[in-house]
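A structural walkthrough
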Amino acid sequence: MSEADLLARFRSGDVRALARTITLVERRDPSVRDLEEALRSDASTPGVAGFTGAPGTGKSTLVDAVVTHLRGKEKSVAVLATDPNSPFTGGAILGDRIRMQRHALDGKVFIRSMGARGHLGGLSLATREAIRLLGAFGFDEVILETVGVGQSELEVAAVADTTVVVLTPNLGDSVQMIKAGILEIADVFVVNKSDLDGHARVAAELRAMMNLAPKRVWKPPIIATVATRQEGIEQLWSAVVAHRSHLEASGRAKELTEQRLRDETAEVAAELARRRARQALEDDPTLAERLLQDGTPYRTAEEILKRDANR
Ligand SMILES: Nc1nc2c(ncn2[C@@H]2O[C@H](COP(=O)(O)OP(=O)(O)OP(=O)(O)O)[C@@H](O)[C@H]2O)c(=O)[nH]1
Ligand SMILES: [Mg+2]
């Protein structure tokens, strides 16, 4: 498919064209740049809520319930499930796809997983681009789901407007298990599986922990849900909306936008420089040979960057 075809199909609302474009973004394929440039005028900014939490806490079930809630309000929703354990997915999401299958035939719901080949941070770059594409396609809301392992929840928090941290009464992932840093990134806490014993204790422990932490202007609410029964979902979404309003009213939304554009620019610059350095070492055997002999990556890197600047 040519780029012009892809653009025309994207604009006509063809979901396959959207999926194809996201795949290009995921592969960090530079050919998508022109298309994005062409789509810039279509861009509208969707609301972005990120859901993170330990494996099995019920994130996908919750997201599915939230999608149902939003569809009840006539909102269109895109779900991006990012899996830090699978470096490149090409859109396959097995388990999640099955769980969210009741929305499969709904044209106003788009679900896919994202991975990113290559370096750390590649996923958040790809996610940011995908969110812009989803906005251009016309989605009102974007929901991110990521398993809270490694640095993934920090990456989600860096991209989402509102970060929802999901806990449960069981699994021993109660408050003792909360990773350092999670208090700072959570805008809303959810105690899912509140049909199980111990949910009140988790909420109480969480409250106690928040009281010890440095005060924030926004105090993250704690919402009890039973995702499998669609319980607490309205309250959960109200909390997300309240947080959004807080960001707008406090001027934080504007700050975040600015800061994120700067961060993204720096990350993209790093990505481009990395690509050029690899290319230079491949194209220039003398340079590569000298690097090997001298063992001086810093000097070689500087030389490559200088060369680029002079081109
Ligand atoms: N009892 C109970 N079980 C739930 C609830 N929500 C989800 N579950 C169950 O918990 C299990 C895990 O749910 P998922 O939605 O796959 O959890 P997840 O956090 O997306 O899992 P990963 O993506 O693998 O990290 C499933 O068997 C769900 O049916 C709930 O509110 N109560
Ligand atoms: Mg899941």
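Keep in mind the model is a prediction, meaning the values are calculated, not measured. (Residues numbered from 1 in each chain as written. Chains lettered and ligands numbered in written order. Predicted model: local features only at pLDDT ≥ 70, side-chain atom pairs only at ≥ 80, totals over all residues. Heavy atoms only, no water.)

1. Quick word on the overall build of the protein
Our working rule: Helix and strand definitions follow DSSP, with helices as H or I runs of at least four residues and strands as E runs of at least two, each counted in order from the N terminus. Contacts are assigned to residue pairs that have any heavy atoms within 4.5 Å of one another. Methods summary: accessible areas were calculated by the Shrake-Rupley approach with a probe of 1.4 Å, and residue burial reflects only the protein chains presented.
Counting its secondary structure elements, the protein contains 13 helices and seven strands. Summarising the internal contacts of the protein: among those between residues at least 6 apart in sequence, 77% fall at separations of at least 24. Carbon and sulfur atoms make up 55% of the accessible area of the protein, which totals about 16,000 Å².

2. Some words on the sheet that holds strand β1 (residues 47–53)
To be explicit about the condition: Strands qualify as paired when DSSP identifies two bridges or more between them. Between N-to-C directions, angles span 0 to 180 degrees; the directions come from axes that are lines fitted to C-alpha atoms, helices contributing only their stretch in contact.
Strand order across the open sheet formed by seven strands is β3-β2-β4-β1-β5-β6-β7, with parallel pairing between neighbours. Edge positions in the open sheet fall to β3 (109–114) and β7 (222–224), since each of these has one partner strand only. Neighbouring strand axes in the sheet, compared pairwise and without regard to direction, differ in orientation by 20 degrees on average. Across three bridges, the pairing between strand β6 (residues 188–191) and β7 is parallel. Residue pairing for β7: V191 is matched across the bridge by A224.

3. Regarding the nonpolar core
The cut-off we apply is this: Think of a nonpolar core as a cluster: buried Ala, Val, Leu, Ile, Met, Phe, Trp, Tyr and Cys residues, connected wherever their side-chain atoms sit within 4.5 Å. Per-residue accessibility, obtained with a 1.4 Å probe over protein chains only, is compared with the maximum for each type, and a residue is labelled buried under 20%, exposed over 50%, and partly exposed between these values.
Judged by nonpolar contacts, the single largest core of 30 residues is most densely connected at F10, L18, I22, L80, L134, V142 and L144. Counting residues per element, the ones that place at least two in this core are α1 (3–11), α2 (15–26), α3 (32–39), β2 (77–82), β3, α6 (122–137), β4 (141–147) and α7 (152–159). When residues in this core are grouped by element, the largest group, eight residues, is from α6. Look past the residues within four positions of L80 in its chain and what remains in contact with it is R112, M114, T127, A130, I131, L134, V142, I143, L144 and E145. Ranked by size, the runner-up nonpolar core spans 23 residues in total, among them V63, A65, V77 and V190.

4. Focus: the environment of V25
Relative to the helices and strands, V25 is located in helix α2. For V25, a relative accessible area of 1% translates into the label buried. Along the sequence, V25 and T127 sit 102 residues apart, while their C-alpha atoms lie 8.5 Å from each other. The contact partners of V25, leaving out residues within four places of it in the chain, are V32, E36, A126, E129, A130 and L133.

5. Focus: the coordination of the magnesium ion (ligand 2)
Stated precisely, the cut-off is as follows: In this description, a donor is an N, O or S atom within 2.8 Å of the metal centre, a cutoff extended to 3.2 Å for sodium, potassium and calcium. Water is not part of the atom list, which can make sites seem incomplete.
Protein-derived ligands of the magnesium ion (ligand 2) are S60 (OG) and E145 (OE), with the metal-ligand distances lying across 2.1 to 2.2 Å. Separated by 85 residues along the polypeptide, S60 in helix α4 (residues 59–72) and E145 in strand β4 bring together distant segments of the chain.

6. Considerations on α2
Operational definition: Multiplying one less than the number of residues by 1.5 Å gives the expected span of a helix. Pairs of N or O atoms are called polar contacts if they sit within 3.5 Å, as long as, within protein, a hydrogen donor faces a hydrogen acceptor (for residues adjacent in sequence, only side-chain-to-side-chain pairs).
With 12 residues, α2 should cover 16 Å at 1.5 Å per step; its first-to-last C-alpha distance of 16 Å lies within 8% of that length. If you check which residues of α2 are buried, you get A17, L18, T21, I22, T23, L24, V25 and E26. Between a side-chain oxygen at the N-terminus of α2 and the backbone nitrogen of R16 the separation is 2.8 Å; the capping residue is D14. Where α2 ends, the next residue or the one after it, R28, has phi of about 60 degrees, a positive value.

7. Focus on the pattern of salt bridges
As a reminder of what qualifies: One speaks of a salt bridge when a side-chain nitrogen belonging to Lys or Arg is within 4 Å of a carboxyl oxygen belonging to Asp or Glu.
The final tally for this structure, using the stated rule, is 22 salt bridges. A salt bridge links E129 to R33; the nearest nitrogen and oxygen atoms lie 3.0 Å apart. Remark: R33 occurs in helix α3 and E129 occurs in helix α6; sequence separation between them is 96 residues. Residue R33 is classed as partly exposed on the basis of its relative accessible area of 40%. The partner of K254 in a salt bridge is E258, with the nearest N and O atoms 3.3 Å apart. One end of the pair is K254 and the other is E258, both in helix α11 (residues 252–283) and four residues apart, which spans about a single turn. For K254, a relative accessible area of 60% translates into the label exposed.

8. Remarks on the layout of surface pockets
Stated precisely, the cut-off is as follows: Cavities and pockets were defined on a 1 Å grid built from protein atoms only: a cavity is a group of points that admits a 1.4 Å probe but offers it no way out, a pocket is an open group of points flanked by protein on both sides within 12 Å along at least five of seven lines, and a lining residue is one with an atom within 4 Å of any such point. Grid points are joined across faces, edges and corners, and a volume is the space filled by probe spheres set on the points.
Each pocket or cavity is described by its volume, and for the largest pocket that value is around 1,200 Å³. The wall of the largest pocket is formed by 35 residues, among which T45, R128, R132, L261 and E264 lie closest to the centre. Among the elements of the structure, α3, β1, α6, α10 (233–250) and α11 are those that each provide at least two residues to the lining of the largest pocket. Broken down by element, the residue count for the lining of the largest pocket peaks at 10 residues, all from α11.

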